Amino acid sequence: MNSEQEHRTKIQEYYTIAQPYYRFMWHGKSLGLHYGLWTENVTSRTSAIIKENEIMADLAGIKENDLVLDAGCGIGGSGIWLAEKRKANTVGLNIVDRQLTRGRHLAEKEKLGQKVDLLKGDYQRLPFKDNMFDVFWSLESIEHATNLEDFMKEAFRVLKPGGKIIIAATFLGDKKDISPEEKRQIDVGQSVAGCFNDFRTAEANVEIMKEAGFVNLQNLDRTEWVMKSSGQMTKMCRMGLPVARVLSALHAVSPILVLNNQWGTYQEGLFKSGATSYNILLAVKP
Ligand SMILES: C[S@@+](CC[C@H](N)C(=O)[O-])C[C@H]1O[C@@H](n2cnc3c(N)ncnc32)[C@H](O)[C@@H]1O
């Protein structure tokens, strides 16, 4: 197995095992595997998760019948929301079968099967023709990329002229002196969920987007708005960690869940220290 395949296998294993935990412990009815944005009037994580869809859709100006590619779509939550609320046509792309199966079921249940397609594929090698999509949407998925240049080039290729790319993600923060402990914590994220293989600052990502050909770039730091969710994750994972350790020692659950709980306890601190940041990047294909 080459390192690309190993990387994909790690992601597939992680999301296959973690799927029920996301479902029952995190997203509820929102169907989103992301932090969510706690703007002024948001009072719950479910609303924050939906709010993030809303904010991104507004920034990208998504309108009726636009064709949106949701690259790294989880269980299709954003695509379903965009189809229902913005009347867009959406294609969710993912490498994890379990999530795709769940997403298809959810889209059918919402009677949105005609507007929501879910396909297996790698966002660094998109199985689509040039100039197809109005919007390329990546919500907390670029963290898994192994080559950001390939990711941006592919996004550029499949967008129509005038099409928009919108990315929300955790990036390497601007803090100059990442401590050995912070580096160790980031490495846990890498080892458990296959993220941060090509970890660079939001500004560095903007440069790569420019090189790919994008114009009108915006880089919005929204770290403040994810602090509540990352705080909730810390609490949840601190409680879950001892349980996961015992169950894993008894071979009742996968050791991935121990690492996952560990990783969950680090994310808030990394944002607080500036080792990481949460940004939304927006640009246009001329
Ligand atoms: C944190 S989840 C976010 C899911 C979704 N965007 C959401 O907000 O609910 C990251 C997703 O990216 C997907 N992913 C990771 N690497 C990928 C790749 N190379 N190609 C396509 N999807 C990928 C994972 O399988 C997972 O579904």
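Up top you'll find the structure we're talking about.
Reading the values: rules and limits
Residues numbered from 1 in each chain as written. Predicted model: local features only at pLDDT ≥ 70, side-chain atom pairs only at ≥ 80, totals over all residues. Heavy atoms only, no water. Helix = DSSP H or I, 4+ residues; strand = E, 2+ residues; numbered from the N terminus. Pairing = 2+ DSSP bridges. Axes fitted to C-alpha atoms, helices over the stretch in contact; angles between N-to-C directions. Contact = heavy atoms within 4.5 Å. Patch = residues over 30% accessible without salt bridge, like charges linked within 9 Å, V, L, I, M, F, W, Y side chains within 5 Å. Areas by Shrake-Rupley, 256 points an atom, 1.4 Å probe, with all protein chains shown as cover. Salt bridge = Lys/Arg side-chain N within 4 Å of Asp/Glu carboxyl O. Parallel < 35°, antiparallel > 145°, perpendicular 65-115°, else oblique. Nonpolar A, V, L, I, M, F, W, Y, C, P; charged D, E, K, R; others polar. Near = heavy atom within 4 Å. Polar contact = N/O pair within 3.5 Å; in protein donor to acceptor, adjacent residues only side chain to side chain. Disulfide = S-S within 2.5 Å. Buried < 20%, exposed > 50% of the residue type's maximum accessible area, 1.4 Å probe, protein only.

## Focus on the environment of G231
As for its placement among the helices and strands, G231 is situated in helix α8 (residues 227-249). In this structure, the C-alpha to C-alpha distance between G231 and G264, residues 33 residues apart in sequence, is 9.4 Å.

## Topic: the sheet that holds strand β3 (residues 116-120)
What the 7 strands build is an open sheet, ordered β3-β2-β1-β4-β5-β7-β6; its pairing is mixed. Unpaired on one side and paired on the other, β3 and β6 (215-221) mark the two borders of the sheet. Sheet twist, expressed as the average angle between the axes of neighbouring strands with direction ignored, equals 15 degrees. Summarising the sheet, strand β1 (residues 67-71) and strand β4 (residues 133-139) pair through 3 bridges and their orientation is parallel. From the neighbouring strand, D70 faces β4, where its bridge partner is W137. Lying on the sheet, helix α5 (residues 148-158) is in contact with β1, β4 and β5 (159-172); it crosses β5 at an angle near 155 degrees.

## Details of a nonpolar patch on the surface
Together, V243, V246, L247 and L250 give the surface a local cluster of nonpolar side chains, amounting to about 360 Å² of exposed area. Topologically, L247 is positioned in helix α8.

## What to know about the packing of helix α1 (residues 3-27) against helix α4 (residues 97-109)
Where α1 meets α4, the axes come as close as 8 Å, and the angle between the chain directions of the two elements is 40 degrees. What the angle tells us is that α1 and α4 run oblique. For the pair α1 and α4, the contacting residues are Y15, T16, Q19, P20 and R23 in the first and R98, Q99 and R102 in the second. Across the contact of α1 with α4, the residue classes break down as 2 nonpolar, 3 polar and 3 charged.

## What to know about the pattern of salt bridges
A full pass over the atoms with the stated rule returns 19 salt bridges. The shortest N-O distance in the salt bridge between K63 and D66 comes to 3.1 Å. Each of E4, R8, D122 and R125 takes part in salt bridges that share partners, so that together they form one network.

## Focus on the site of the ligand
Surveying the vicinity of the ligand reveals 20 residues, the closest of which are L33, H34, N94, Q99 and L139. Take N94: an N or O atom from its side chain is 2.7 Å from an oxygen atom of the ligand. One nitrogen or oxygen atom from the main chain of L139 is found 2.8 Å from a nitrogen atom belonging to the ligand. Here the ligand, which alone exposes 600 Å², has 97% of that area covered by the protein. When residues of the shell around the ligand are traced back to their parent elements, those giving at least two are α1 and β2 (89-94).

## Looking at the state of the cysteines
Evaluation of the coordinates by the stated rule reveals 0 disulfides. This cysteine, C73, is not joined by any disulfide, and C195 carries the nearest cysteine sulfur, 17 Å off. Classification of C73 by relative accessible area gives buried; the value is 6%. A disulfide-free cysteine, C237 has its sulfur positioned 13 Å from the sulfur of C195, the nearest such atom.

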